[in-house]
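Fold and geometry: a report
Here's the letter readout for the chains.
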Amino acid sequence: MTPITRQIPRHPNVWPMTLLLPAAIVIGFFFYTLSVMVHFSVRPNIGPGQVGDGLTLENYTNFLGSTFYLGYLGRSLWISAYCTAITAVLGYVIAYAMHRSSPRVRLIAGAILIVQFFTAYVIRTYAVMLVIGKNGILSKALLAIGAIEQPLTLLFSEVGVAIGMVLVSLPFMVFPIFNSLQAIPVNLETAATSLGASRMRTFWEVIFPLTMPGVAAGVVIVYLFELTSYIVPGVLGGGYFDMMANLIYAKAMQSFDYPAAAAAAMVMLVIAAGAIYLLQKAFRLLTPHM
Amino acid sequence: MSHVVLRNVRARYGATEVLKGVSLELAPSEFMAVLGPSGCGKTTLLRVIAGFVGYEGELIVDGKSYDDVPAHRRDMGIVFQDYALFPHKTVSENIAFGLRMRGRSRAEIDSRVDDLVRLLQLGSLGQRFPSELSGGQQQRVALARALAIDPKVLLLDEPLSALDKKLREEMQVELRQIQQRLGITALFVTHDQDEALALADRVVVIEKGMITQTGTPRDIYSRPVNRFVATFIGRSNILDARCVRVANGQAECVVLGSIPVRIPAQDLPPAGEAIPLSIRPESVRVAPAGAAGNAGMLAAGEVMHAVYLGTHQELRVALDEGTTIEARIVGREAFACGDRVAVGWSEEDVTPLRP
């Protein structure tokens with residue numbers, strides 16, 4: 001007797017694949033622009049607004065060989081690093097306070113953050129300027145209570161940019177941390193307390209480790225967001241504290257040196273990717289197995 | 001092996017009073033079940049003892065007032081319904097948690113964890129994470145973690161309700177054995193009457209924030225004090241009786257129109273009121289109408305509903321007088337819907353209830 005084998009007819013059905021089309025278009029578009037940038041970055045500069053023929057690494061060697069340009073890079077990496085750290089601490093405190101608050105307070109705080117979040121980036125930055133400027137409310141208040149003699153000179157300095165970056169990126173930190181706090185079952189705290197852990201120890205032993213995924217998400221988003229800041233240093237630094245994005249913009253839109261701008265952008269891209277990789281590796285070590 | 005006394009404990013959540021003056025005493029090594037429907041305040045009672053709910057009244061453990069002792073200094077081991085194991089810690093770390101919080105030495109912690117792993121047969125699971133364990137194993141870890149601190153009282157909040165029936169029954173036996181071996185005082189909160197009866201030395205029935213009845217499982221089942229206890233724990237036929245006369249401390253009453261019943265006179269309500277009587281379905285005898293076994297039967301009726309359940313048969317009999325009565329028949333006799341039957345019961349199986 002011959003075994004009966006029944007072949008399931010396999011007509012490759014292509015129609016479901018069409019659902020991937022929008023995603024493919026978006027990815028294709030980004031890939032295309034990126035490839036244009038890579039392409040520009042290895043072309044010689046033959047005058048403003050022109051891109052020459054032939055391949056060269058000159059743009060990269062110019063960038064990487066110049067302490068002036070590397071200064072922008074170093075400054076950007078450094079200010080973003082410490083601002084991310086400050087944002088993380090501040091964001092955690094805000095998220096934890098919201099977590100501990102009554103539902104009404106939580107709602108109001110969340111609403112304020114969301115409104116902030118959806119307000120145009122430029123407007124938010126100007127708002128910060130109004131607060132920390134020479135005639136801003138912070139300066140006036142401190143003068144009024146006699147804490148300072150001269151008006152504040154925070155604006156157009158590194159400190160001003162740092163304050164702006166922290167304030168503008170806070171929502172990106174608060175929400176992931178808040179979500180991870182809310183996801184912790186209340187009974188875990190009760191259990192820790194019943195086993196003899198004080199509030200402090202319950203926090204460090206149970207709550208904090210369990211919010212690490214939220215902190216990691218916040219840190220990665222905020223670091224990238226701050227590293228690529230353009231408007232905040234532009235408005236609050238006023239030319240006295242430019243970051244990488246400002247340099248790239250100036251190269252492309254003021255000097256019309258597209259190859260140099262593209263090379264700087266590529267360096268930035270690689271460094272940002274490396275930073276994410278390292279951050280994620282670090283957090284994988286810190287995040288508890290679950 | 002602690003001795004626990006609660007005196008007139010009241011607790012409220014916002015405007016609703018959840019415990020309305022509960023007084024309770026747990027003897028050393030006693031296993032007490034707190035039984036009640038959901039929302040009756042039984043979990044609140046547990047949380048009062050553990051120190052997580054503010055209350056009025058007194059809590060005394062081993063002669064010492066605990067009212068001002070914060071939760072993390074009370075030494076109460078809690079096993080939660082959802083286990084509440086720390087997901088980021090291994091089984092060993094979970095068990096060791098309470099000991100670490102007490103600053104015990106590494107060596108002491110290790111040997112205690114080993115003991116508990118052995119006691120709860122956790123075998124080689126020490127390095128696993130809770131998410132890698134089955135429900136039953138998580139249950140054991142939760143119990144081990146609570147026992148590790150050598151708690152004054154073991155508080156169990158419906159700990160077995162998430163397990164399937166077979167595992168639950170196995171854990172009941174094991175829980176009882178461990179509790180007896182360690183001689184630990186335990187308070188077990190449950191809405192499962194079978195569990196309460198199977199496990200506890202004494203059962204406390206709570207209804208709407210107040211204790212309705214306290215007693216051994218046998219007391220509670222065979223002498224329920226009111227309608228609530230009679231119907232919440234097991235099933236009951238509740239029949240209203242009327243007193244005819246009182247003589248020699250006995251009240252002569254009638255139920256279902258003309259069936260005489262005698263009950264102790266001290267159970268009588270104020271004159272004129274009906275007396276609810278409880279008769280358990282398994283105390284009701286049923287025989288085919290007109291059969292020889294009808295001697296001593298009290299009423300006649302027709303089987304409305306018959307369910308065969310293997311160990312027994314459940315019948316619902318519509319009595320000619322108008323009332324429906326439930327019966328639980330063990331034995332070979334089979335009844336079917338529509339059968340004419342005679343029913344009866346012995347006077348000692350009739351329990352007068354508080355109206």
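Check the entry above for the structure.
Residues numbered from 1 in each chain as written. Chains lettered and ligands numbered in written order. Predicted model: local features only at pLDDT ≥ 70, side-chain atom pairs only at ≥ 80, totals over all residues. Heavy atoms only, no water.

1. As for the sheet that holds strand β19 (residues 340-344) of chain B
Residue and element names in this part refer to chain B. Taken in spatial order, the five strands of this open sheet run β15-β19-β16-β17-β18, and their pairing is antiparallel. In this open sheet, the two strands that pair with only one neighbour each are β15 (285-288) and β18 (324-329). Strand after strand, the sheet turns through a mean of 40 degrees between neighbouring axes, direction not considered. Two elements, strand β16 (residues 299-308) and β19, share four bridges in a ladder whose sense is antiparallel. Paired with A299 across the bridge in β19 is V343. (Pairing = 2+ DSSP bridges. Helix = DSSP H or I, 4+ residues; strand = E, 2+ residues; numbered from the N terminus. Axes fitted to C-alpha atoms, helices over the stretch in contact; angles between N-to-C directions.)

2. Some remarks on the packing of aromatic side chains
Residues and elements named next belong to chain A. All told, the structure shown has 21 aromatic pairs over all chains when counted by the stated rule. With a centroid separation of 5.2 Å and an interplanar angle of 85 degrees, the aromatic rings of F117 and F118 are classed as edge-to-face. The class for F117 is partly exposed, based on a relative accessible area of 31%. Looking at F118, the relative accessible area reads 66%, which means it is exposed. Between F203 and F208, the aromatic rings sit 6.0 Å apart at their centres with planes inclined by 40 degrees, giving tilted as the arrangement. Each residue in the set Y92, Y96, F203, W204 and F208 is aromatic and connected to the rest through ring pairs, giving one cluster. (Phe/Tyr/Trp six-rings, centres within 6.5 Å; stacked < 30°, edge-to-face > 60°. Buried < 20%, exposed > 50% of the residue type's maximum accessible area, 1.4 Å probe, protein only.)

3. Brief notes about the pairing of strand β14 (residues 275-279) of chain B
All names here are of chain B. When you tally the buried positions in β14, you get five out of five residues, the bulk of the element. Of the two faces of β14, the one holding I275, L277 and I279 and the one holding P276 and S278 are both buried throughout. Pairing between strand β11 (residues 237-247) and β14: five bridges, direction antiparallel. Each bridged residue has a counterpart across the sheet, and for N237 the counterpart in β14 is I279. The sheet contact formed by β14 and strand β20 (residues 350-352) spans three bridges and is antiparallel. Bridging across to β20, I279 finds its partner in V350.

4. Description of the layout of surface pockets
All names here are of chain A. By volume, the largest pocket amounts to about 530 Å³. For the largest pocket, the lining is made up of 17 residues, of which Y96, R100, E189, T193 and R199 are closest to its centre. Elements that contribute at least two residues to the lining of the largest pocket include exactly α3 (67-100), α8 (186-194) and α9 (199-227). Here the residues of the lining of the largest pocket are counted per class, giving eight nonpolar, six polar and three charged. Estimates place the volume of the second largest pocket at around 280 Å³. Around the second largest pocket sit F30, T33, L34, V36, M37, F40, I248, A252, Y258, A261, A262 and A265, which together line it. Of all the elements in the fold, those that place two or more residues in the lining of the second largest pocket are α1 (21-41), α11 (244-254) and α12 (258-286). If you tally residues by element for the lining of the second largest pocket, the top one is α1, at six residues. Partitioning the lining of the second largest pocket into residue classes produces 11 nonpolar, one polar and no charged. (1 Å grid on protein atoms, 1.4 Å probe; cavity = no way out; pocket = protein on both sides within 12 Å on 5 of 7 lines; lining within 4 Å. Points joined across faces, edges and corners; volume = space filled by probe spheres on them. Nonpolar A, V, L, I, M, F, W, Y, C, P; charged D, E, K, R; others polar.)

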